[in-house]
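Fold and contact review
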Amino acid sequence: MYKLDEFMAELERKNPAQPEFIQAAREVVASVIDVVNNTPKYLNNKILDRIVEPERVVQFRVEWEDDNHQIQVNRGYRVQFNSAIGPYKGGLRFNKNVTVGTLKFLGFEQIFKNSLTTLPMGGGKGGADFDPVGKSDNEILRFCRSFMTELQKYIGPDTDVPAGDLGVGGREIGFMYGQYKRIRQENTGVLTGKGQTWGGSLIRPEATGFGALYFTNEVMKLNNDTLKGKRVIVSGFGNVAWGAVTKATELGAKVIAISGPDGYVLDEAGVSTPEKIAYMLELRSSNKNIVAPYAEKFGAKFVPGKRIWEVPCDIAFTAALQNELNGDDAKLLIKNGVKYAIEISNMGCTPEAIEAFQAAKIPFCPGKAVNAGGVAVSGLEMSQNAEHLKWAAADVDAQLHRIMENIFAACVKEGKQADGYVDYVKGANIAGFKKVADAMCELGY
Ligand code: GLU
């Protein structure tokens, strides 16, 4: 029999200075421990001990030359966490704060998220402590080439298929795919999020945000509610926020605030027109990482240095970073009447925030279910690449929609409490876990 505190104490001892990984692991273990203790095959197969240990962690030196002809050194990683149900799959994050602990947390989350999509994908994550902010195109190119020169040794279309994440968008995927092709002489689906003329899937850029809104729409229906007329705030202003704002607007909600590291923009007219949404993306790809110019351009209010969570709203979406919404933010949102709290970023809320939302019986939906549409369409991109075909946008969108409905149904099935309140955290963790655990039992140790 496993005991939560004992198990977590040992995990912390083995993984010092990896607080994000410990946080992600604690949440999953707490959700599934009863299931494990009541299932003899999971106990006999030591599933919990095995599932928290990555199959492989690769770390490498990335050397590149900046525009002043100085040699720079970064650390690159790929965490190949679990391949029980398919090739490792998950993004690459370029951010100055990336450590092996960050990527272990993200790789661990990815195992259950990918399982929830119902597609055959294992969990992995990678990246580097490279800071893209303020870098020139040529510096990004040189970094990506050098990074892939090493990473290509460990990945392949049936082994491990990276994609984008924070700091890695279409441009970076292009530079990395180019280098992979140069070295390996292969046109394969080794990366997803590729450009539309060289193997990318339609709807992949929109998929995370669209999927999040398809999921939210199901949550609304369950609560006899609708997105129409809801006041929405979205932290972040990148690719994920863009998809979410676009679909939320299409479904009748009004997005009144977006944010960046410099503060938030309050746009009472709504971040709704294609021009505004396109400008959001332009800002993001400018490599400056600030949202203030949006307010100036469209006559909205910019609130410097403040947190977006002080804006009263019906629905709060996290779409930036892990732990971006804490217990105090949650209490403020609740005080101001928030009705739904929805993570689109991975682990966007701290455990204290989740506890506050759940105690107030506000539906809280975790990133690993809500944002799974991104990796789901990556899975569909792999299928298209494997059959050397390209599907129509409407076909991909319909599959994405169906996948998100299935994820929602799985969360409700495993997370519905006696009083009818749905614990989506528990639901997502149990549903994602069972499939991987069964596969691990069937494959032997
Ligand atoms: N980085 C995204 C995520 O967190 C996408 C991963 C992928 O498409 O492989 O799920």
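Relevant structure appears above.
Residues numbered from 1 in each chain as written. Predicted model: local features only at pLDDT ≥ 70, side-chain atom pairs only at ≥ 80, totals over all residues. Heavy atoms only, no water.

One open sheet holds the five strands; their spatial order is β1-β2-β4-β3-β5, and the pairing between them is mixed. The open sheet has two free edges, formed respectively by β1 (56-65) and β5 (160-163), since each of these has just one partner strand. The mean inter-strand angle of the sheet, taken between neighbouring strand axes irrespective of direction, is 20 degrees. Note: strand β3 (residues 88-94) against β5, four bridges, orientation parallel. (Pairing = 2+ DSSP bridges. Helix = DSSP H or I, 4+ residues; strand = E, 2+ residues; numbered from the N terminus. Axes fitted to C-alpha atoms, helices over the stretch in contact; angles between N-to-C directions.)

Before going further, it helps to examine the site of the ligand. If you check the shell around the ligand, you find 13 residues, and the closest are Lys89, Lys113, Gly164, Asp165 and Ser378. Within the contact set of the ligand, an oxygen atom lies 3.1 Å away from a side-chain nitrogen or oxygen of lysine 125. For the shell around the ligand, the elements supplying multiple residues, two or more each, are β3, α5 (100-116) and α15 (372-386). Top element by residues in the shell around the ligand is β3. It accounts for three residues. (Near = heavy atom within 4 Å. Polar contact = N/O pair within 3.5 Å; in protein donor to acceptor, adjacent residues only side chain to side chain.)

A few words on the nonpolar core. Taken as a class, soluble globular proteins show a tendency for nonpolar side chains to be buried jointly. Counting residues in each nonpolar core, the largest one holds 64 residues, and the members touching the most others are Phe215, Ile258, Tyr294, Ile407 and Tyr424. Ignoring sequence-local partners within four residues, the contact set of tyrosine 424 consists of Phe215, Val219, Leu222, Pro363, Phe364, Cys365, Pro366, Phe408, Cys411 and Val412. Judged by nonpolar contacts, the second largest core, of 39 residues, contains Tyr2, Met8, Ile47 and Ile430. (Core = buried A, V, L, I, M, F, W, Y, C linked by side-chain atoms within 4.5 Å. Buried < 20%, exposed > 50% of the residue type's maximum accessible area, 1.4 Å probe, protein only. Contact = heavy atoms within 4.5 Å.)

With that settled, consider the packing of aromatic side chains. Counted by the stated rule, this structure contains 22 aromatic pairs. A ring pair is formed by phenylalanine 21 and phenylalanine 108, whose centres lie 5.8 Å apart and whose planes are at 90 degrees; its orientation type is edge-to-face. With phenylalanine 21 in helix α2 (residues 19-37) and phenylalanine 108 in helix α5, this pair connects stretches of sequence that are 87 residues apart. Aromatic side chains phenylalanine 215 and phenylalanine 408 sit 5.7 Å apart centroid to centroid with 80 degrees between the ring planes, which places their arrangement in the edge-to-face category. Of the two residues, phenylalanine 215 sits in helix α8 (residues 204-222) while phenylalanine 408 sits in helix α16 (residues 393-415), which places them 193 residues apart along the sequence. Residue phenylalanine 215 is classed as buried on the basis of its relative accessible area, which comes to 0%. You can call phenylalanine 408 buried: its relative accessible area is 9%. Three or more aromatic residues joined by ring pairs form one cluster here, namely Phe60, Trp64, Phe94, Phe130, Phe143 and Phe147. Above the ring of tyrosine 279, the side-chain terminus of lysine 297 is found at 5.1 Å from the ring centroid. (Phe/Tyr/Trp six-rings, centres within 6.5 Å; stacked < 30°, edge-to-face > 60°. Lys NZ or Arg CZ within 6 Å of the ring centre and 35° of its normal.)

Moving on to the pattern of salt bridges. Pairing between side chains of opposite charge can happen when their charged atoms approach one another. Scanning the model with the defined rule gives 24 salt bridges in all. Here arginine 171 ties to aspartate 137 by a salt bridge, and the two come within 2.5 Å at their closest N and O atoms. Here arginine 171, found in helix α7 (residues 170-184), pairs with aspartate 137, found in helix α6 (residues 137-151); they are 34 residues apart in sequence, far enough to count as distant. Given a relative accessible area of 26%, arginine 171 falls into the partly exposed group. (Salt bridge = Lys/Arg side-chain N within 4 Å of Asp/Glu carboxyl O.)

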